[in-house]
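The lines below spell out each chain.
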2 protein chains.
Amino acid sequence: MREVGIGVAGLGTVGGGVLSILERHQPEIEARLGARIVVRKVVLRNPEKSRAVEVEKGIVTTRMQDLLDDPDVAVVVELIGGTGEAFDLVKGALERGKHVVTANKALLAARGEELFRLAAEKGVDVYYEGAVCGGVPIIRTLREALASDRITSLHGIVNGTTNYILSAMAEEGKPLSKALAEAQRLGFAEADPTLDVSGGDAAQKLCVLAQLAFGARLGQKDVLTEGIMGLEPEDFVWGREFGYALKLLAVARRCQVEAALDRAVDESSPAGGLVESGLPGGSGWPYPPDTIEARVHPTFIPAGSLLAGVRGAFNAVLLRSEALGPSLLFGQGAGAMPTGSAVVSDIIDLSRNILSRSPGRVPLPPAQARVGLRPHAEIRCGYYLRFTVKDVPGVLARIATTLAARSISIAAVQQREQNEEGGAVPLVIVSHRAREADVQAAIAEVDRYDTTMARTRLIRIESP
Amino acid sequence: MREVGIGVAGLGTVGGGVLSILERHQPEIEARLGARIVVRKVVLRNPEKSRAVEVEKGIVTTRMQDLLDDPDVAVVVELIGGTGEAFDLVKGALERGKHVVTANKALLAARGEELFRLAAEKGVDVYYEGAVCGGVPIIRTLREALASDRITSLHGIVNGTTNYILSAMAEEGKPLSKALAEAQRLGFAEADPTLDVSGGDAAQKLCVLAQLAFGARLGQKDVLTEGIMGLEPEDFVWGREFGYALKLLAVARRCQVEAALDRAVDESSPAGGLVESGLPGGSGWPYPPDTIEARVHPTFIPAGSLLAGVRGAFNAVLLRSEALGPSLLFGQGAGAMPTGSAVVSDIIDLSRNILSRSPGRVPLPPAQARVGLRPHAEIRCGYYLRFTVKDVPGVLARIATTLAARSISIAAVQQREQNEEGGAVPLVIVSHRAREADVQAAIAEVDRYDTTMARTRLIRIESP
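Residues numbered from 1 in each chain as written. Chains lettered and ligands numbered in written order. Predicted model: local features only at pLDDT ≥ 70, side-chain atom pairs only at ≥ 80, totals over all residues. Heavy atoms only, no water.

**Student:** How would you sum up the sheet that holds strand S1 (residues 2-9) of chain A? Please name residues and give values.
**Tutor:** Within a sheet, each strand pairs with its neighbour through backbone hydrogen bonds, oriented either parallel or antiparallel. Residues and elements named next belong to chain A. Pairing in this open sheet of six strands is parallel, and the strands run S3-S2-S1-S4-S5-S6 from one edge to the other. If you trace the sheet from one side to the other, it starts and ends with strand S3 (60-61) and strand S6 (126-127), each paired once. In the sheet, strand S5 (residues 99-102) pairs with S6 via two bridges, with the strands oriented parallel. Looking at S6, one finds that valine 100 is bridged to valine 126. (Pairing = 2+ DSSP bridges. Helix = DSSP H or I, 4+ residues; strand = E, 2+ residues; numbered from the N terminus.)

**Student:** Summarise the interface of chain A and chain B; cite the residues concerned and give the values.
**Tutor:** When the parts come together, some accessible area is lost, and that loss is often what is quoted as the size of the interface. Each partner contributes to the interface: chain A provides 61 residues, whereas chain B provides 61 residues. Contact between chain A and chain B buries roughly 5,300 Å² in total, counting both sides, with carbon and sulfur atoms accounting for 51%. Contact with chain B buries area across many residues of chain A, yet A:Arg32, A:Ser148 and A:Arg361 alone supply 14% of it, more than any other trio. At the surface where chain A touches chain B, the tally comes to six salt bridges. Between B:Glu28 and A:Arg150 there is a salt bridge; the shortest N-O distance is 3.3 Å. Here chain A is connected to chain B by 28 residue pairs in polar contact (both at pLDDT 80 or more). (Contact = heavy atoms within 4.5 Å. Buried area = accessible area lost by both parts, 1.4 Å probe. Salt bridge = Lys/Arg side-chain N within 4 Å of Asp/Glu carboxyl O. Polar contact = N/O pair within 3.5 Å; in protein donor to acceptor, adjacent residues only side chain to side chain.)

**Student:** Talk me through the packing of helix H4 (residues 85-95) of chain B against helix H5 (residues 105-122) of chain B; I want residue IDs and the actual numbers.
**Tutor:** Residues and elements named next belong to chain B. Relative to each other, H4 and H5 sit at 10 degrees, their axes nearing to 9 Å. Comparing the axis directions of H4 and H5 gives the class roughly parallel. Taking contact as the criterion, the partners of Ala86, Phe87, Val90, Lys91, Leu94 and Glu95 in H4 are, on H5, Leu107, Arg111, Glu114, Leu115, Leu118, Ala119 and Lys122. Looking at the contact of H4 with H5 residue by residue, the class counts come to eight nonpolar, no polar and five charged. (Axes fitted to C-alpha atoms, helices over the stretch in contact; angles between N-to-C directions. Parallel < 35°, antiparallel > 145°, perpendicular 65-115°, else oblique. Nonpolar A, V, L, I, M, F, W, Y, C, P; charged D, E, K, R; others polar.)

**Student:** I'd like to hear about the relation of the copies chain A and chain B, residue by residue, with values.
**Tutor:** Mapping chain A onto chain B leaves a residual RMSD of 0.0 Å; the transformation is a rotation of 180 degrees accompanied by 0.0 Å of translation along its axis. The transformation relating the two chain copies, once decomposed into turn and shift, fits a two-fold axis. By C-alpha distance to the rotation axis, the residue of chain A lying nearest is A:Leu329, at 2.4 Å. Comparing interface residues between copies, 100% of those in chain A also lie at the interface in chain B; the contact surface is shared. (Least-squares fit on C-alpha atoms with pLDDT ≥ 70 in both.)

**Student:** Please give an account of the domain arrangement of chain A that cites residues and values.
**Tutor:** Residues and elements named next belong to chain A. Taken as a whole, chain A is organised into domain 1 (3-135 + 336-355), domain 2 (143-332 + 371-376) and domain 3 (379-461). On the side of domain 3, 19 residues touch domain 2, which itself brings 28 residues to the contact. Overall, the association of domain 2 and domain 3 removes approximately 2,200 Å² of surface from exposure, summing both partners, and the carbon and sulfur fraction of that is 55%. At the boundary of domain 2 with domain 3, the tally comes to five salt bridges. Across the pair arginine 457 and aspartate 235 runs a salt bridge whose closest N-O atoms are separated by 3.8 Å. The interface formed by domain 2 and domain 3 contains six residue pairs in polar contact (both at pLDDT 80 or more). Elements supplying a minimum of two residues to the side of domain 2 that touches domain 3: helix H11 (233-241), strand S9 (244-254), helix H12 (258-266) and strand S10 (291-302). Here the residues of the side of domain 2 that touches domain 3 are counted per class, giving 12 nonpolar, four polar and 12 charged. (Domains from an automatic or database assignment.)

**Student:** Before we move on, can you summarise helix H8 (residues 176-185) of chain B with the specific residues and values?
**Tutor:** Residue and element names in this part refer to chain B. Listed as buried for H8 are Leu176, Ala179, Leu180, Glu182 and Ala183. An end-on view of H8 places all buried positions within 160 degrees of arc, on one side of the element. Those residues of H8 that are exposed and angled more than 90 degrees off the buried face are Ser177, Lys178 and Arg185. Where the residues of H8 are buried, they touch helix H7 (160-172) and helix H9 (194-197). (Buried < 20%, exposed > 50% of the residue type's maximum accessible area, 1.4 Å probe, protein only. Arc of directions from axis to C-beta.)

**Student:** Could you give me a rundown of the pattern of salt bridges, with the residues and numbers involved?
**Tutor:** Residue and element names in this part refer to chain B. This model, assessed by the stated rule, comprises 76 salt bridges over all chains. For the salt bridge of arginine 253 with glutamate 462, the shortest nitrogen-to-oxygen distance reads 3.3 Å. Placement of arginine 253 in strand S9 (residues 244-254) and of glutamate 462 in the segment after strand S18 (452-461) is noted, with a sequence separation of 209 residues between them.

**Student:** Outline helix H6 (residues 138-145) of chain B, supporting the account with residue identities and numerical values.
**Tutor:** Counted residue by residue, H6(B) has eight buried out of eight residues, so it is predominantly covered. Along H6(B), the positions that sit buried rather than exposed are B:Ile138, B:Ile139, B:Arg140, B:Thr141, B:Leu142, B:Arg143, B:Glu144 and B:Ala145.

**Student:** So what about the pairing of strand S14 (residues 380-390) of chain B? Which residues, and what values?
**Tutor:** All names here are of chain B. Of all 11 residues making up S14, nine are buried, and the element is well covered by its neighbours. Pairing of S14 with S18 involves seven bridges; the strand directions are antiparallel. By the bridge assignment for S18, leucine 385 is matched with leucine 458. In the sheet, S14 pairs with strand S16 (residues 424-431) via seven bridges, with the strands oriented antiparallel.

**Student:** Please provide a residue-by-residue account of a nonpolar patch on the surface, values included.
**Tutor:** Residues and elements named next belong to chain A. Together, Leu396, Ile410 and Val413 line one region of the surface with nonpolar side chains, adding up to about 190 Å² of accessible area. Assignment of secondary structure puts valine 413 in strand S15 (residues 410-415). Taking relative accessible area as the criterion, valine 413 reaches 35% and is therefore assigned partly exposed. (Patch = residues over 30% accessible without salt bridge, like charges linked within 9 Å, V, L, I, M, F, W, Y side chains within 5 Å. Areas by Shrake-Rupley, 256 points an atom, 1.4 Å probe, with all protein chains shown as cover.)

**Student:** Any chance you could break down the environment of A:Asp235 for me, citing the residues and the numbers?
**Tutor:** Residues and elements named next belong to chain A. Checked against the element boundaries, aspartate 235 lands in helix H11. Judged by relative accessible area, which is 0%, aspartate 235 ranks as buried. For the pair formed by aspartate 235 and alanine 250, sequence separation is 15 residues and the distance between their alpha carbons is 19 Å.

**Student:** Any chance you could break down the packing of helix H7 (residues 160-172) of chain A against H11(A) for me, citing the residues and the numbers?
**Tutor:** Residue and element names in this part refer to chain A. H11 packs onto H7 with a crossing angle of 70 degrees between their chain directions and a minimal axis gap of 9 Å. The pairing of H7 with H11 is recorded here as roughly perpendicular in orientation. The hand of the H7/H11 crossing is right-handed. Along the contact surface, H7 presents Leu166, Met169 and Ala170, while H11 presents Pro233, Phe236 and Arg240. Residue composition of the contact of H7 with H11, grouped by class: five nonpolar, no polar and one charged. (Left-handed = near helix turned anticlockwise from the far one by under 90°.)

**Student:** So what about unusual backbone geometry? Which residues, and what values?
**Tutor:** Positive phi values are uncommon outside glycine, yet A:Arg357 reaches one of about 50 degrees. With respect to the secondary-structure elements, A:Arg357 resides in the loop between helix H14 (336-355) and strand S13 (372-373). One non-glycine residue with positive phi stands out, namely B:Ser407, at about 60 degrees. What makes B:Ser407 exposed here is its relative accessible area of 62%.

**Student:** Run through the nonpolar core, naming residues and quoting values.
**Tutor:** If you look at the biggest cluster of nonpolar residues, it comprises 168 residues, and the most contacted ones within it are A:Tyr128, A:Ile138, B:Tyr128 and B:Ile138. Excluding residues that lie within four positions of it along the chain, A:Tyr128 makes contacts with A:Thr102, A:Leu108, A:Phe116, A:Ile139, A:Arg143, A:Val208, A:Leu212, A:Asp346, A:Leu364 and A:Pro365. (Core = buried A, V, L, I, M, F, W, Y, C linked by side-chain atoms within 4.5 Å.)

**Student:** Can you explain the environment of B:Ala181? Please cite residues and give values.
**Tutor:** As for its placement among the helices and strands, B:Ala181 is situated in helix H8. Residues B:Ala181 and B:Ser148 lie 33 residues apart in sequence; the distance between their C-alpha atoms is 45 Å.

**Student:** Break down the pairing of S9(A) for me, citing the residues and quoting the values.
**Tutor:** All names here are of chain A. Of all 11 residues making up S9, 11 are buried, and the element is well covered by its neighbours. Here S9 shows a buried face lined by Tyr244, Leu246, Leu248, Ala250, Ala252 and Arg254 and a second buried face lined by Ala245, Lys247, Leu249, Val251 and Arg253. Note that strand S7 (residues 151-157) and S9 share four bridges and pair antiparallel. Its bridge partner lying in S9, glycine 156 is registered against alanine 250.

**Student:** Describe in detail the packing of aromatic side chains, supporting the description with residues and values.
**Tutor:** Pairs of aromatic rings are described using the distance from one ring centre to the other and the angle between the two planes. Residue and element names in this part refer to chain A. Under the defined criterion, the tally for this structure stands at 10 aromatic pairs over all chains. Between phenylalanine 300 and tyrosine 384, the ring centres sit 4.8 Å apart and the planes meet at 70 degrees, which makes this aromatic pair edge-to-face. Taken together, the residues phenylalanine 300 in strand S10 and tyrosine 384 in strand S14 (residues 380-390) connect sequence positions 84 residues apart. Classification of phenylalanine 300 as buried rests on a relative accessible area of 0%. (Phe/Tyr/Trp six-rings, centres within 6.5 Å; stacked < 30°, edge-to-face > 60°.)

As structure tokens, then:
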């Protein structure tokens, strides 16, 4: 039987999953591939550390260089993370004509283009299904299944940690600090959860996805990013009254679909726009110069929609494309086995290219120079504004006037009764689609009123 | 620029979509493929008929033979349907070393194995993403993304027509005849809807999916198939009370997961077992000889689950696999553009194989001789039984005794009050997991009671 030699750098959670899947599913993989995948080298920082998977002593090394120098390693599997050593390893592998599988979204978001260019020069492949939404074959779908189509928008729940926390807050009414502590205790959040709760992890993933979907060169700073730390149980309660669920959503879309979206947002009923509405699919709007918007923020979405049903540590990506219309992929976001499985699928795919001598069969995503980025100030969506005001006559009228002056049209207002007269009372306004800069300016103005008792809370609304 | 010549047989709904996508997305496709796809021949039964897409006169023919004889046609796209002429065309193409793309599930379900064997012999490819769930890349996912994994179960809403009808019945309380008539008026159901409403179409698709997921050789007759024609609005109302949605589900699964499912069914709360429960993923149960069960029938599923949220003419497939856990794909079920898009993605994929000289890169699904089929009598699931009984004392006790004698354990009972004494009254029993043969025998017995006023209605329950 023919063999494909691989080398694995890093044996953390995902690396352990990869080795265990390669071992346990060996018969299936050999039957499907007609060849054997052989692990020739494993690079470990600390070979003495005890691990869940056993590795044969003879193939373990602590030096990256050993991996690069081994002529029997055709595929380098980079699972060390970060953008320093990992970059050097991937670059070194590509330079030596080795193929690469990586699950490192940070590396791809920061330096992907450089690595893709090098791979194309050298006629080798870089596969990275494990980098975004481990258990969801989104990379493959964007690269291959939708090759015949033109994607218009992408809405994703791409961070399992925050989705776990928001689900707990929604379902059990927990405050954020408790939900986060529970997620940490159960292993769904890391000891330092900053990258997840800040939205940074989701923004990196969005960069990787936007390149495939739109050919857009985005850095993390190009993504309007807002984390979940400011969310309060109260916002979940209000949202429910308006028929919304609250999710940390990664959104990227071509701005030309605006006209169609105007309609969709106005129909944002609890029944869920997703299934019934549908953008005007193949009905052929012209191809104007491409501009996209890219953002990650807590988002109210219709409670009955499919994305609202994605609970716990799961991930999902909803795509809209011209021919296909809406489509959605759902699965586990991370973990040894889901992400390990994505990595092994990549190894198998690469092995097929090697065995059939067809590297570069699916070209890496081209960066289209002509894709523009809409400035954050120009973003448009619906807005939920929770004002905290003194309960005196005329406050609503004054706020409404301020909003109207900035062309922000009100869809609904709700105000809670309060106990003591003249005290602080929440006043919630849901707007129709408005311009980000206008909304921010209006809030700044309202926040300066002497009747405003606390900073106004803003949550964006989407009908994906 | 290099060229790949294709020939298209049949220019109905899907064929029209294919040509229109090839034309409208030509720049994107050429950029991604680095080659041009050229339609060399189009076979039409009636070239004079007016069509939505224009075809250059010079390439039109009425003879299949012209397609087969054209040396510049490397890929034959079969879109004529049926299992007669379509079989001859596909076989002829494979014999001449041409690759094939087909969207013909009936052909694959009936004679797929023979064609796959021939393709393997000739070293050419058969791609068929369009054959099952047009807008859902399920074939590609099973063939490639899950190549590293072992699938344990598959639950699909794979027929858009019946899902449209059931959604209308559930949401608007319509009787089936009205919902069907409306679906026909809107183009979601054909004038003769038999293949759809009988479950036959879904069963054919399940055969195609089960071969990929489990290597099982199934014919349509191997699938326990029950259509939707007997469903009444009343069953939707009862289902809702128990926390269920009603869907026509295609189910295939390895029988070894029984033990794990026992638990899942008992937890079948309205909150939805899908997201939180999860079978014991990578926890390594042994690999016993494979037996699968395969069935298509109206099914109660938890109202809060993701599949329950799939409404209208949409399709979705939920997979459970050892490493990945649960994953779901959702999209449009059929139509010119979604299915056309799937066919064009196949053409692009095949073109990549042709250009990189790697045909057979992903082998066709092997039929594993050792996959057994569980007899329909041995199927196990939960059951909803709606008895219509005379409202006299002792009826419930008698039915409960009959069920107990066959080891059918009752999870819940509900009985409606009625107006006139001694008249017919519905009595609904929901069982825990039971054996199909036992349930059928118990129903037959109850249906012979003099207190039974109408045939008992049975609907199976799953917690996918």
